[in-house]
Number of protein chains: 2
Amino acid sequence: MQRYFINSTQVHNNIITIINSDVHHIKNVMRMKIDDEIIVCDELENVYLGKIITISNEEVKVEIVKNIDAKSELPINVTIAHGLVRREKTEEVIRRLAELGCYEYQPIIMNRSIVKVVNDKSERQNKIIKEACEQSQRNRLMILSPVIDLKKLIARKDEFSLCLYADFNPNVAHLKPLLQKFTGKNILVVIGPEGGFSIEEVTALDKAGFIPITLGKRVLRTETAPLYVMSVIGYEFEKFSL
Amino acid sequence: MQRYFINSTQVHNNIITIINSDVHHIKNVMRMKIDDEIIVCDELENVYLGKIITISNEEVKVEIVKNIDAKSELPINVTIAHGLVRREKTEEVIRRLAELGCYEYQPIIMNRSIVKVVNDKSERQNKIIKEACEQSQRNRLMILSPVIDLKKLIARKDEFSLCLYADFNPNVAHLKPLLQKFTGKNILVVIGPEGGFSIEEVTALDKAGFIPITLGKRVLRTETAPLYVMSVIGYEFEKFSL
């Protein structure tokens, strides 16, 4: 069933008012009619089964049929901080991270980033994230944070109970023992750009207490490393009945 | 250091003869000279540090300096059988699977594959695999097998000690308990095309004893699922000193 993401302020007295581009999507792309059912999710992770009651050019009103207890989110929040890479690579990475359950994507200006000019692509990127979260049936949208530098990222350290960075050197700690003893809620993993971290960056990360980790014995590209990290963290923490 | 893949028949009396496109790569792309060092790997997983002794238009002769005991391969062989998908998606998947340590990529014609015509793209695809294996510093090339149908894949069953298929239903077994009790050498994981498996295909897989598994609570695209599977299997089995 088609899934739409709204803000909780759009819910009043059992009625959800859908606005903006989702109206066009419901009306013209999906060609839905009165009484058709959709899934609506808000930022508080409420998930509603709703029935369309009115459709106009400006808004679609949806009556809540029931709350759905569909836990499709991971029990922990994973922030991937990623050295700025080219546009196409960024788009592929955010699409797949959104599918894999990532909480936040934090792009970082780094010394060896090939991309030096920061153009705001957040509108386009947020559209990709929205589509990926809908398609993968998530209950919330992955957060796309504005580009910052490494110093500002390090200043965010206290938000996380575990701060890691991916090292080329295979003789550092592997992720598994660190994840298996982790009992917190928020993990930050920093992944370098194409050229890796500079020596100054590694020194700054080490000094701030970030733990270097290896992602395995093969050298992963900068656009593959985030997918490996997000896959294995999901695998380690996801709860299953079987 | 630059890495080249050869056949073990190219090694005689401590001298390796490099031929074909690698000659062009050494001579014109890398612009290497006599006495430059390279890494050479053969299909038996021998890894040599070699020194260039002659360069002509047809061949490069390399003297073996020493054998390197660089184990960059996983201790198990993972075959990903994947419903045929579009060319660009296939190329992305094989590139990332090669980086992540996959042993074999086996494309399968399936009922719901959008791609119906099988054009032989193996030359181009093998080039992508070669580049990815060199760049990620693997000791062997991922095998790209010719396209077969599901019946023929099921007939290969005895080659594997564990045969799995990725199911949309989250109420089937998760990978983790299956992997954690696995003691064999060869794992096969079947992943459907964009439209998933048909009912007939699921019935055939069940009948043949393939185990349905969930890849998590989010629905992964057909090109994301192989990367998740390969990442978590690598994570589960890779041996680290730390």
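About the thresholds
- Residues numbered from 1 in each chain as written.
- Chains lettered and ligands numbered in written order.
- Predicted model: local features only at pLDDT ≥ 70, side-chain atom pairs only at ≥ 80, totals over all residues.
- Heavy atoms only, no water.
- Least-squares fit on C-alpha atoms with pLDDT ≥ 70 in both.
- Contact = heavy atoms within 4.5 Å.
- Buried < 20%, exposed > 50% of the residue type's maximum accessible area, 1.4 Å probe, protein only.
- Helix = DSSP H or I, 4+ residues; strand = E, 2+ residues; numbered from the N terminus.
- Arc of directions from axis to C-beta.
- Lys, Arg positive; Asp, Glu negative; His and termini not counted.
- Salt bridge = Lys/Arg side-chain N within 4 Å of Asp/Glu carboxyl O.
- Polar contact = N/O pair within 3.5 Å; in protein donor to acceptor, adjacent residues only side chain to side chain.
- pLDDT = per-residue confidence, 0-100.
- Buried area = accessible area lost by both parts, 1.4 Å probe.
- Nonpolar A, V, L, I, M, F, W, Y, C, P; charged D, E, K, R; others polar.
- Core = buried A, V, L, I, M, F, W, Y, C linked by side-chain atoms within 4.5 Å.
- Disulfide = S-S within 2.5 Å.
- Pairing = 2+ DSSP bridges.
- Axes fitted to C-alpha atoms, helices over the stretch in contact; angles between N-to-C directions.
- Parallel < 35°, antiparallel > 145°, perpendicular 65-115°, else oblique.
- Left-handed = near helix turned anticlockwise from the far one by under 90°.

Caption draft 1: Molecular detail of the relation of the copies chain B and chain A. When chain B is brought onto chain A, the operation consists of a screw motion whose angular component is 180° and whose axial shift is 0.0 Å, with 0.1 Å RMSD remaining. Read as a symmetry element, the transformation amounts to a two-fold axis. Across chain B, the smallest distance between a C-alpha and the rotation axis is recorded for Val232(B), namely 2.6 Å. Of the interface residues in chain B, 100% have counterparts in chain A that sit at the interface too, so the contact is made through matching surfaces.

Caption draft 2: Highlighting helix H1 (residues 21-29) of chain A. Residue and element names in this part refer to chain A. Buried residues of H1: Asp22, Val23 and Ile26, and no others. End-on view of H1: buried residues confined to an arc of 110°, all on one side of the axis. Where H1 terminates, the next one or two residues include arginine 31, which has phi positive at roughly 50°.

Caption draft 3: Looking closely at the side chain of Asp42(B). All names here are of chain B. Along the polypeptide, aspartate 42 turns up in strand S4 (residues 37-42). The buried charged residue aspartate 42 lacks any salt bridge, with arginine 140 as its nearest oppositely charged partner at 9.8 Å. Among the polar contacts made by the side chain of aspartate 42, one reaches the main-chain amide nitrogen of leucine 44 at a distance of 2.8 Å.

Caption draft 4: Here's a closer look at the confidence of the model for chain A. In the predicted model, chain A carries a mean pLDDT of 92, and the fraction of residues at 70 or more is 98%. Ranking the elements of chain A by mean pLDDT puts strand S12 (residues 173-174) of chain A last with 86 and strand S13 (residues 186-191) of chain A first with 98.

Caption draft 5: The interface of chain B and chain A, seen in detail. Across the boundary between the two partners, chain B contributes 41 residues, which contact 41 residues of chain A. Buried area between chain B and chain A, summed over both chains or domains, comes out near 4,000 Å², and the portion from carbon and sulfur atoms is 53%. Taken together, chain B and chain A are joined by 10 salt bridges. At the boundary of chain B and chain A, one finds 24 residue pairs in polar contact (both at pLDDT 80 or more). Contributing elements (two or more residues each) for the side of chain B that touches chain A: helix H2 (87-99), strand S12 (173-174), helix H5 (175-180) and helix H7 (225-237) of chain B. No other element matches the six residues that H7(B) contributes to the side of chain B that touches chain A. Of the residues assigned to the side of chain B that touches chain A, the class counts are 15 nonpolar, 11 polar and 15 charged.

Caption draft 6: Structural context of unusual backbone geometry. Despite not being glycine, Glu45(A) shows a phi value in the positive range, around 70°. When you line up the elements, Glu45(A) lands in the loop between strand S4 (37-42) and strand S5 (47-55). Non-glycine residue Asp35(B) carries a positive phi angle of around 80°. A residue is classified by how much of its surface remains accessible, and Asp35(B), at 47% relative accessible area, is partly exposed.

Caption draft 7: Region of interest: the nonpolar core. Ranked by size, the top nonpolar core spans 88 residues in total, and within it Ile187(A), Ile233(A), Ile187(B) and Ile233(B) carry the most contacts. Sequence-distant contacts of Ile233(A), defined by excluding residues within four places in its chain, comprise Ile76(A), Val78(A), Leu179(A), Ile187(A) and Val189(A).

Caption draft 8: Highlighting the state of the cysteines. Summed over the entire model, instances satisfying the criterion amount to zero disulfides over all chains. Of all cysteine sulfurs, the one in Cys133(A) lies closest to Cys102(A), which takes part in no disulfide; the gap is 9.5 Å.

Caption draft 9: Region of the structure containing the sheet that holds S4(B). All names here are of chain B. Taken in spatial order, the six strands of this open sheet run S1-S4-S5-S6-S3-S2, and their pairing is mixed. Here the strands that pair on one side only, and so sit at the sheet edges, are strand S1 (3-6) and strand S2 (11-12). Here S4 pairs with strand S5 (residues 47-55) via five bridges, running antiparallel. Looking at S5, one finds that isoleucine 39 is bridged to leucine 49. Packed onto the sheet, helix H1 (residues 21-29) meets S1, strand S3 (15-18), S4, S5 and strand S6 (60-67) and runs at close to 160° relative to S1.

Caption draft 10: Geometry of the pairing of S13(A). Residue and element names in this part refer to chain A. Here S13 lies mainly inside the structure; five of its six residues are buried. Sheet topology note: the strand S7 (residues 77-83)/S13 ladder contains six bridges and is parallel. Opposite threonine 79, over in S13, you have leucine 188 as the bridge partner. Here strand S11 (residues 162-166) runs beside S13; their pairing, made up of four bridges, is parallel. Residue tyrosine 165 lies in a different strand from S13, and its bridge partner there is valine 190.

Caption draft 11: Geometry of the packing of helix H2 (residues 87-99) of chain A against helix H3 (residues 122-135) of chain A. Residues and elements named next belong to chain A. Put simply, H2 and H3 touch, their axes get as near as 8 Å, and they point 30° apart. One way to sum up the angle between H2 and H3 is to call them roughly parallel. In this structure, H2 crosses over H3, and the sense of that crossing is right-handed. Across from Arg87, Thr90, Glu91, Ile94, Arg95, Ala98 and Glu99 in H2, the residues of H3 making contact are Arg124, Gln125, Ile128, Ile129, Ala132, Cys133 and Gln135. Taken together, the residues of the contact of H2 with H3 break down into six nonpolar, three polar and five charged.

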